[in-house]
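# Fold and geometry: a report
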Protein chains: 4
Amino acid sequence: MIGYRFMGKAHSNAWRQAPHFFPLKAAVKLHTICGRDVKGVEAARDQLGWENASADWEAVINNPAIDIIDINTPNDSHAEIAIAAARAGKAVLCEKPLGLNVKQCEEMVSAVKKARVVNMVCHNYRRIPAIAQAKKMIEAGLLGEIFHYRARYAQDWIVDPNFPLVWRLQKGVSGSGTHGDINAHIIDLGRYLVGEFSEVCGLMNTFIKERPLEEAAGKGDGLGGKGSRKMGKVTVDDAALFIGRFKNGAIANLEATRFALGRKNHITLEINGSKGSLAFDFEDMNRLKFFSNDDAAGIQGFRDILVTEPGGKHPYVGNWWPPGHIIGYEHTFVHTIADFINAVAEGKSVQPTFEDGLRNEQVLEAVEASAKTRQWVKL
Amino acid sequence: MIGYRFMGKAHSNAWRQAPHFFPLKAAVKLHTICGRDVKGVEAARDQLGWENASADWEAVINNPAIDIIDINTPNDSHAEIAIAAARAGKAVLCEKPLGLNVKQCEEMVSAVKKARVVNMVCHNYRRIPAIAQAKKMIEAGLLGEIFHYRARYAQDWIVDPNFPLVWRLQKGVSGSGTHGDINAHIIDLGRYLVGEFSEVCGLMNTFIKERPLEEAAGKGDGLGGKGSRKMGKVTVDDAALFIGRFKNGAIANLEATRFALGRKNHITLEINGSKGSLAFDFEDMNRLKFFSNDDAAGIQGFRDILVTEPGGKHPYVGNWWPPGHIIGYEHTFVHTIADFINAVAEGKSVQPTFEDGLRNEQVLEAVEASAKTRQWVKL
Amino acid sequence: MIGYRFMGKAHSNAWRQAPHFFPLKAAVKLHTICGRDVKGVEAARDQLGWENASADWEAVINNPAIDIIDINTPNDSHAEIAIAAARAGKAVLCEKPLGLNVKQCEEMVSAVKKARVVNMVCHNYRRIPAIAQAKKMIEAGLLGEIFHYRARYAQDWIVDPNFPLVWRLQKGVSGSGTHGDINAHIIDLGRYLVGEFSEVCGLMNTFIKERPLEEAAGKGDGLGGKGSRKMGKVTVDDAALFIGRFKNGAIANLEATRFALGRKNHITLEINGSKGSLAFDFEDMNRLKFFSNDDAAGIQGFRDILVTEPGGKHPYVGNWWPPGHIIGYEHTFVHTIADFINAVAEGKSVQPTFEDGLRNEQVLEAVEASAKTRQWVKL
Amino acid sequence: MIGYRFMGKAHSNAWRQAPHFFPLKAAVKLHTICGRDVKGVEAARDQLGWENASADWEAVINNPAIDIIDINTPNDSHAEIAIAAARAGKAVLCEKPLGLNVKQCEEMVSAVKKARVVNMVCHNYRRIPAIAQAKKMIEAGLLGEIFHYRARYAQDWIVDPNFPLVWRLQKGVSGSGTHGDINAHIIDLGRYLVGEFSEVCGLMNTFIKERPLEEAAGKGDGLGGKGSRKMGKVTVDDAALFIGRFKNGAIANLEATRFALGRKNHITLEINGSKGSLAFDFEDMNRLKFFSNDDAAGIQGFRDILVTEPGGKHPYVGNWWPPGHIIGYEHTFVHTIADFINAVAEGKSVQPTFEDGLRNEQVLEAVEASAKTRQWVKL
């Protein structure tokens, strides 16, 4: 595994846990964790349960004892590492976003295709039990023809204007703001559940245009007070929203923001079709709401399905606890990695592949272009 | 109509509104409103829409131009007025509780039976659309055999120890506290939806045993401060709860309290049967939750039915507004009075009759006896 | 009152009820109800509680015994009647939308200004208790600077492709589809709660492009079966959504649809500001959700305010029932008309005036233009 | 660890995970897992991550390399193993219920006291983040004096009369039904959050008195059909409820059932005090509802606290994921074991100790005695 911070913690947990809960087609060994900072990666090795630590990612990739490379580094190094790993014949799991732009993503797709290696981009929310259930229901035709896909990803961690100018708020480092970070997730869920986008029209906004530099914010400047704090320019979007159409005729409305007080990690989806509707809220991620027009008159209503029952052949929940005993955020990674391990064992990629990562990036760029040109953009 | 305060306001509204929304089998005329206080009743006549006002209830009862007597007076005069009205051959609608005790209720039932007059006790919550819908569903067998009836009526208006000793907190005037006032409602709903009680075991409690006298609280005593305020003894229950059994084998758990901060008029019911479950919350009175075990595996869940659709032949909601346009508290009285008017026109009582009022009182007294003797009491 | 169908029923109820629940500065007399169909209006007179019926609206407007004209006719006659009423010196209450287009609205505004008559457009949702409360809270600064206004008005009554081509689906008669009918409401609430729009970019869509003609659908065509039913073209939008900006810098996302199964009359709003957030759902219209960033760490969360308490000086709820006893859809009209009666008595218009009706129409037209030209449109 | 089934799986996970997420005062080694069935325990060793497997619990207890004994065996062996472990000087963690009856529990308490070993009974629900938060709030006085504790634990897994007579439905093996299994949990939460019980009065009920023997149900009897299946008597309670009082004057209402269709693992609590109220639902275990009477008039309402923020110094949530990223059932065991490990390292027991297990059993037995004698029972 390359990278050991937030996603490193979540992925390591998944690698450790998958064998204890899922029937895997191969044994798993947490061989090496890799990061730039020697001291940091050594501490992570111990904390996260890896056998070895390394500061040399190329050595790791070329280590013949290693079959799988899991990339959790900052976004700007995904492409280089993934392409090298593919060339080395390793199976590659890459955190989202796949690359920094469409061009990078295309190269990555090309590399894994050429090398014929198993590849996956980690859009872990596809494997939330309620989302997996929604997918099954849509495929079974319970919603009929889809009319609307409406999604929002809302957080509130930078509402305070004194929150410092961290790297995620600097375009040079992060690529984009809410758009690439969280809109990407609901774009992926839209593609997974509804289909491919055909055109989009968007708006991006930065509410707070200047923030204290991190250093100044952290240490104070010794000069007495706010007035003298050094400020820097926020170069990414605080909110990004767009309307659009899918190729199958459905209408899209997506919104991402970090300026919705009280919404911590609030992903809300609603899908309306000719036979029924689905609604989902990530803060209550074990639940799925379902309205069926086939129910008898007088007793129709959104069903509040607690997706903790193996009944109906659910792919994940039966491996955990009895009905009514909920699971959490980290389990979505365990599901992802369990499926990936089996894919590697069988030599056949499972969704979402690098191809999905590329298509996601195409939508992201189309929205950005639309926001800039104030025009509709076709895909 | 005899009595013109809170219930007088609600009943007058219902008499005025019923003809505008329901197809009635007789024309309605708001002939006379009657109360002890001449000035007060005259003001009420004007405000509430009556033609005449009177301070002489016996004259009203004997007025040949009047066919219906609607009793909204304090509880201790229900029996006298209702019996006189029955003897005068009038149809009688009486606010709950029917009488002060079982003996009075028996006399009232006897009087209306002897006089063969149409009679009804106003348990208006039976005609909440969601409750009417629940009744239909239970009768249609959607719940199967009933196992549990669980109900709670919670309010919070006397949590403050400085709230004065109003008449409702004095047993001599009110008869009882939460028990007769609000437990009575969920007992009635239990009888309506599940069946007759067979035995009960209860507990009644007074959390705040002394309160400032109303006069002292209102005017101050001129002697400077709380220390010198005159206090009086609270002689009724602040909370009353009981467990019990129904004759059909179902288990009961009922609780009434005025000490649940944040619960304003919170009636929550849950009924569990062999085929499904129902849940209801009066503060969201247009909704009914329904779990059906007949739903397919994987998509089971409580349905959130917004009971505003005439579909499935609902007896009331189609007379108001389109689906999704909710109604409120007062409408339960309109439904009650519309049904009562038609009953009078047809000369045939509809539920809940005085007989229901009597049975309700029997349960109330059994719980009180149980709380006093610390024994189970059979019905 | 001119017009006696759905809105006629709701307005008549409000005229009847206001004097019984609100302290009015003038007495109210339901003088004359007016409609084109002599027989229909006579039946309505009786059912809705009016003294006289008329089929001649000009006579009504010129009747010196009448002070107020309440217009509930189809949209295409609003302007003519309102302008005539203003010229006759009457106070005018007009159902929304004010006119068919900006030009008509401007003439109407001009007419009431010239005549100096009290005027109001009936955007009754402003007087939902929870919305009135939201307005107070925003004005008191509890939300701080507003970042987001997100609103959706969803219904589901025409999802069935066999639902006939009623007049509301024909542009010639109705003017527009969901956009003018229901988007208009959430545009008005946005203007009321957040401020004036500065630019918009929208999309309108018709999912089902042909429907059976009403006659054919109703009567059958005697030729055997669906295949031979006569179909007509749907000329209005089934869904209309737009993104935009307010003049104060807030971001807007509005969506209206009649194709969301399970959503009956589902108006959901969320407003996020620098100090807190508000959320509202019309199907639970007595509730308002409020998140305050001023709450202490660890106990922050959206408050579920049941807006039934007169505490905090609420303008409406104290006139109805005790806390926890909810009210419904029709009460919003009672509040509107009570305020209008007092405005007439005092000779001073209250919001929303014809001016508000005009501004609403300007936004509607801007969105329509945007959807047509696929461009952003400034206001 | 002795025992390796459902609780063995949950505890093993917690032993594995605690070191990766919590700063522990001692290193942890999963030394030996022990069970009667040699083959089964060997498979469990591998699956659950233990170094050694053993079928001889006495050898394990006396192994000097082992410091901690974690007991997850069937209830009838808890006492023997725990007492032996204490005598061997080991720290002991024992699954609930502590013993089969008060006498056993007393002996266990006596053994750990005499041996002065660190001891804990695994009432893991105390360490649900929302419950830990509730405890802090109550201790900080945010609820004031407590009036009501109302709790329900509802499941639905044996509603089907064809569900076989598993060991949990046989008193000889299980000790009791819903009462010891799930009422025990809400009794413990009542003791933890409110205080000690002073008297109780209960009712226990068996809805389905006969069930197919497990063998018959599983294999069929080869004789054709239900009629000839062998049935056995259900000897435990399907539902157990009781009312009661706490020593501090609060009123209790507790109910446990396995006959509430749609309720999977539904623990609902409500606590009402003189200053506020708390409500909790285990199926949404990351949320805590809080009503504060200190909030300003007009904006009071139950707050929906998503307990995922380290703010306010929460003892557990900061060790997992960022705000809004929820956790699940198994994490309650991780918290329990992390605290237990630190307790062992420091040589000082943390709540809930064996003493708590004894007191829980005293309440359970009092309710059983009450249900049998139909009398109130004092504690």
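Scroll up to find the structure this text is about.
Residues numbered from 1 in each chain as written. Chains lettered and ligands numbered in written order. Predicted model: local features only at pLDDT ≥ 70, side-chain atom pairs only at ≥ 80, totals over all residues. Heavy atoms only, no water.

### Side note on the sheet that holds strand E5 (residues 119-122) of chain B
All names here are of chain B. Spelled out, the test is: Strands were regarded as paired on the criterion that DSSP finds at least two bridges between them. Each helix is a run of H or I in the DSSP string that is no shorter than four residues. Each strand is a run of E no shorter than two, and both are numbered from the N terminus. For helices, the axis comes from a line fit to the C-alpha atoms of the stretch in contact; other axes are also lines fit to C-alpha atoms, and the angle between any two N-to-C directions lies between 0 and 180 degrees.
An order of E3-E4-E5 is seen for the three strands of this open sheet, with the pairing classed as parallel. This sheet does not close on itself; its edge strands, each paired only once, are strand E3 (68-71) and E5. On average, each strand axis in the sheet is inclined to that of its neighbour by 10 degrees, with strand direction left out of account. Relative to E5, strand E4 (residues 91-95) runs parallel, the two sharing four bridges. Bridging from a neighbouring strand, cysteine 94 pairs with valine 121 of E5.

### A word on the pattern of salt bridges
To keep it simple, the criterion reads: When a carboxyl oxygen of Asp or Glu is within 4 Å of a side-chain nitrogen of Lys or Arg, the pair counts as a salt bridge.
A full pass over the atoms with the stated rule returns 116 salt bridges over all chains. Linking A:Asp156 and A:Lys264 is a salt bridge whose minimum nitrogen-to-oxygen distance equals 2.8 Å. Note that A:Asp156 is positioned in the loop between strand E6 (146-154) and helix H7 (171-174) and A:Lys264 in the loop between strand E11 (251-257) and strand E12 (266-273), a separation of 108 residues in sequence. Linking C:Arg191 and C:Asp356 is a salt bridge whose minimum nitrogen-to-oxygen distance equals 3.0 Å. Within this pair, whereas C:Arg191 is found in helix H8 (residues 178-193), its partner C:Asp356 is found in helix H11 (residues 354-373), the two being separated by 165 residues in sequence.

### Description of unusual backbone geometry
Condition: Buried means the residue's accessible area, taken with a 1.4 Å probe over protein chains only, is under 20% of the maximum for its type, while exposed means over 50%, and partly exposed covers the values in between.
Here the bond from A:Lys96 into A:Pro97 is cis, since omega is -10 degrees, no more than 30 degrees from zero. With respect to the element layout, A:Pro97 can be found in the loop between strand E4 (91-95) and helix H5 (102-115). Following D:Gln351, the chain continues into D:Pro352 via a peptide bond in cis, with omega recorded as -5 degrees. In this fold, D:Pro352 is placed in the loop between helix H10 (331-346) and helix H11 (354-373). In this structure, B:Arg116 is a non-glycine residue whose phi angle is positive, near 50 degrees. Structurally, B:Arg116 is set in the loop between helix H5 (102-115) and E5. Owing to a relative accessible area of 76%, B:Arg116 belongs among the exposed residues under this scheme.

### Description of the interface of chain D and chain A
A common way to state how big an interface is: give the accessible area lost once the parts meet. Just so we agree on the cut-off: Only heavy atoms enter the contact rule, under which two residues are in contact if any of them lie within 4.5 Å. The term buried area denotes the loss of accessible surface (1.4 Å probe radius) that occurs when two parts are joined, taken as the sum for both partners. Distance and chemistry together define a polar contact, namely a pair of N or O atoms within 3.5 Å, with one atom able to donate a hydrogen and the other to accept it when in protein, and with adjacent residues in sequence counting only for side-chain atoms on both sides. Think of it as three bins: nonpolar holds Ala, Val, Leu, Ile, Met, Phe, Trp, Tyr, Cys and Pro, charged holds Asp, Glu, Lys and Arg, and polar takes everything else, Gly as well.
Contact with chain D, which involves 36 residues of that partner, is made by 36 residues of chain A. A combined buried area of about 3100 Å² lies between chain D and chain A, and 53% of that area is made up of carbon and sulfur atoms. Here chain D and chain A share six salt bridges between them. Close ionic contact of A:Lys264 with D:Glu309 constitutes a salt bridge, the shortest N to O distance being 3.4 Å. Where chain D touches chain A, the interface holds 26 residue pairs in polar contact (both at pLDDT 80 or more). If you list the elements that add at least two residues to the side of chain D that touches chain A, you get helix H1 (6-21) and helix H2 (38-48) of chain D. The greatest single-element share of the side of chain D that touches chain A, amounting to nine residues, is contributed by H1(D). When grouped by side-chain class, the residues that make up the side of chain D that touches chain A number 16 nonpolar, twelve polar and eight charged.

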